[in-house]
Amino acid sequence: MQNTNTNTALFQINYHNCTIECIYSLSQNKFLFAFVDHNIGFTCSLDNDYASAFINHQDAVEQLRLCREHGTWDPIHFYEFLNNQLPNIGFNQATDAEYIQTLSVSVSNFEDRIYFNHWRNSNMSPRQRNKTIELMGHAVVNFCSDNHIIPIYLDHPTERTLSAFSNFELDYQQHNIEN
């Protein structure tokens, strides 16, 4: 991705009987996954260079099981599969529309406000922290803690929604704090 100046990659993988649309943010080490032809998805953050995370969207866990079609579901299997596929994946820079579509089905039920809008000076509540981890990743939570800020979300995307996902530090430098 770095060789092609891609900040937010869009690609698809075929996981057994399912196609999964994936968006990855290089700056956030964050994946958004959406099952093609289903209104289900989930998110994942990278731990160093390895994809691993608890999938807290129960419908997505069930859909992964159905994709495999052999009864039980091993939670590590999808991530092992993803890690094995990543070195050979072809990708494109995600457009605003592709990002918004994938985001709209990949997050758990955190109400309708899932689209980043701006930064605000504030302490982060536990609920805000969990929401930010799922929507933007651990790197953003650490950045917010270091700068005593929180991300503010709206129920509709703005011109900053994808740009912040692509490079949240640049967005903060360009726009700083809004009240």
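The sections below set out a description of the structure shown in this document. (Residues numbered from 1 in each chain as written. Predicted model: local features only at pLDDT ≥ 70, side-chain atom pairs only at ≥ 80, totals over all residues. Heavy atoms only, no water.)

So, about the pairing of strand β3 (residues 30–35). Buried residues dominate β3, accounting for six of its six residues. Side chains Lys30, Leu32 and Ala34 of β3 all project onto a buried face; the interleaved residues Phe31, Phe33 and Phe35 project onto the opposite face, where all are buried too. Here six bridges tie strand β2 (residues 18–25) to β3, and the two strands are oriented antiparallel to one another. Each residue of the ladder has a partner; that of Tyr24, found in β3, is Phe31. Taken together, β2 and the strand that follows it, β3, pair antiparallel across an intervening segment of four residues, in which Asn29 is found at a positive phi of about 55°. (Buried < 20%, exposed > 50% of the residue type's maximum accessible area, 1.4 Å probe, protein only. Helix = DSSP H or I, 4+ residues; strand = E, 2+ residues; numbered from the N terminus. Pairing = 2+ DSSP bridges.)

Turning to the nonpolar core, a few remarks are in order. If you look at the biggest cluster of nonpolar residues, it comprises 25 residues, and the most contacted ones within it are Ile13, Ile20, Phe33, Phe35, Phe42 and Phe78. Those elements that place two or more of their residues in this core are β1 (8–15), β2, β3, β4 (41–47), α1 (58–68) and α2 (75–85). Excluding residues within four positions of it along the chain, Phe42 makes contact with Phe31, Leu32, Phe33, Phe35, Ile55, His57, Ala60, Leu64, Phe78, Tyr79 and Ser106. The next biggest cluster of nonpolar side chains, apart from the first, holds 22 residues, and it includes Leu10, Leu32, Phe143 and Ile149. (Core = buried A, V, L, I, M, F, W, Y, C linked by side-chain atoms within 4.5 Å. Contact = heavy atoms within 4.5 Å.)

This brings us to the packing of helix α4 (residues 126–136) against helix α5 (residues 138–147). Contact geometry of α4 with α5 gives a least axis separation of 7 Å together with a crossing angle of 135°. Taken together, the axes of α4 and α5 lie oblique to each other. The residues of α5 that touch α4, namely those facing Arg129, Thr132, Ile133 and Met136, are His138, Val140 and Val141. Here the residues of the contact of α4 with α5 sort into four nonpolar, two polar and one charged. (Axes fitted to C-alpha atoms, helices over the stretch in contact; angles between N-to-C directions. Parallel < 35°, antiparallel > 145°, perpendicular 65-115°, else oblique. Nonpolar A, V, L, I, M, F, W, Y, C, P; charged D, E, K, R; others polar.)

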